[in-house]
Amino acid sequence: MDFNHINTYINQLQDDFIRNGLMSDEFLDFMNENKLPMDQFFSYYRCAIMEIETKFNVLNEQFSLRYDRNPIESIKTRIKSMDSLIRKVRDKNIPLTLEAIEENIYDIAGVRVVCSFIDDIYTLADSLLSQDDIKLIRRKDYIKNPKSGGYRSLHLIVEVPIFLQNEKRHMKVEVQLRTIAMDFWASLEHKLRYKKNIPEAELKAISEDLIDCANQSSKLDERMMEIHNHILSLERTQ
Ligand code: 0O2
């Protein structure tokens, strides 16, 4: 059996498991019983996303007044899809309760901030983390320590309060900060990761090509940042 057949077999087993296990009567009962709490659960995460997105918009606004430029190119937000959440609950062996899911899964709410320059990533991250209502839960710097496949981004898991009618809740949000080049690379690589049935040799060749592209685009990011800093220093001396 070659690698592709093994992959297809594993995917088939996973699908069978989802059909027979996660789509079992027990699981469907859980979903029905928890319909209202589930809607509420996802709505809390949507509120947390709004809070974090606003914080970045405020920082962008302040930057544009102070330095006459916007460090943020774009902000994308997403709530984890039910399918992807169920897979994570299954893979990490997390008990099927909303409390356990909230406690153990950190990326239900995601905010991706795309910047022009690497320096901006760290400035924005530091500004966010210095706010007194933000608590840092986890930080992974894949810019200083890229993944072996070439992936680069700064990941922060933060906790932010949301204020409801009668209570305050602390919600976890995954913030990914990256440059335009890192984002461009990650979207292309993401396509490859979710593509099934690529012959092994082909997969290896594309992966190596992607590593090469990641290295080149990292050099480009560095050079663009140096040029930008140079221009700024010239402006200051004028
Ligand atoms: P999606 O569809 O983007 O949501 P965790 O299990 O999340 O607590 P993990 O996996 O170590 O811990 O988290 P990590 O490394 O911080 O990465 C989580 C997310 O970062 C991924 O989410 C991707 O969005 C992105 N990411 C990480 N590594 C790569 C990579 O090599 N290539 C690309 N394109 N994206 C990456 P999901 O849940 O995998 O996917």
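Predicted model, so just to flag it, every value in this text is computed and none were measured.

*Asks:* Where do I start with the pairing of strand 5 (residues 168-179) in this structure?
*Replies:* Look at any regular strand and the pattern is simple: side chains alternate between the two faces of the sheet. The buried fraction of strand 5 amounts to nine of the twelve residues, a majority that puts the element mostly inside the structure. Here strand 4 (residues 154-163) runs beside strand 5; their pairing, made up of ten bridges, is antiparallel. Residue Glu 159 lies in a different strand from strand 5, and its bridge partner there is Lys 172. Here strand 4 folds back onto strand 5, and the loop between the two strands holds four residues.

*Asks:* Help me understand the environment of Lys 135, please; the structure alone is not making it clear to me.
*Replies:* Within the secondary structure layout, Lys 135 lies in strand 3 (residues 135-141). Taking C-alpha positions, Lys 135 is 9.3 Å from His 170, a pair spaced 35 residues apart along the chain. Apart from residues no more than four positions distant in its own chain, Lys 135 is found in contact with Ile 157, Val 158 and Glu 159.

*Asks:* Explain the pairing of strand 2 (residues 109-115) here, please?
*Replies:* Within strand 2, six of the seven residues are buried, which leaves it mostly tucked inside the rest of the structure. The pairing of strand 1 (residues 72-79) with strand 2 spans seven bridges and is antiparallel. The partner of Ile 72 across the bridge, within strand 2, is Cys 115. Bridge count between strand 2 and strand 5: six bridges; the pairing is parallel. Residue Arg 112 lies in a different strand from strand 5, and its bridge partner there is Gln 176.

*Asks:* Teacher, can you tell me more about the sheet that holds strand 1 here?
*Replies:* One key point about sheets: their strands pair by backbone hydrogen bonds, in either a parallel or an antiparallel sense. Strand order across the open sheet formed by five strands is 1-2-5-4-3, with mixed pairing between neighbours. Looking at strand neighbours, the two that pair on one side only are strand 1 and strand 3, the edges of this open sheet. Going across the sheet, the axis of each strand differs from the next one's by a mean of 25 degrees, ignoring polarity. Sheet strands in contact with helix 7 (residues 180-193) are strand 1, strand 2 and strand 5, and its direction is about 95 degrees off that of strand 5.

*Asks:* Would you take a moment to explain helix 7 for this structure?
*Replies:* In an α-helix, one turn spans 3.6 residues; hence positions three or four apart end up facing the same way. The end-to-end C-alpha distance of helix 7 is 20 Å, a good match for the 20 Å that 14 residues give at a rise of 1.5 Å each. Those residues of helix 7 not exposed but buried are Ala 181, Met 182, Asp 183, Trp 185, Ala 186, Glu 189 and Leu 192. Buried residues along helix 7 sit in contact with strand 1, strand 2, helix 6 (118-129), strand 5 and helix 8 (200-237).

The rules behind the values
- Every chain is numbered independently, its residues counted from 1 as its sequence is written.
- At least 70 in pLDDT is required for a residue's local features to be given in this predicted model, at least 80 for side-chain atom pairs to be given and counted, and no such filter applies to totals for whole chains, interfaces and linings, which use all residues.
- Hydrogens are left out, water is left out, and the side-chain values use all remaining heavy atoms of the structure.
- Throughout, exposure labels follow a simple rule: accessible area from a 1.4 Å probe, protein chains only, divided by the maximum for the residue type, with under 20% read as buried, over 50% as exposed, and the rest as partly exposed.
- The numbering of helices and of strands both runs from the N terminus, where a helix is a DSSP run of H or I of at least 4 residues and a strand a run of E of at least 2.
- A pair of strands counts as paired when DSSP detects no fewer than two bridges linking them.
- Here, residues are in contact when the closest pair of their heavy atoms is within 4.5 Å.
- Fitting a line to C-alpha atoms yields each axis, with helices limited to the stretch in contact; the angle taken between N-to-C directions then spans 0 to 180 degrees.
- Expected helix span is taken as 1.5 Å per residue step, with the number of steps being one fewer than the number of residues.

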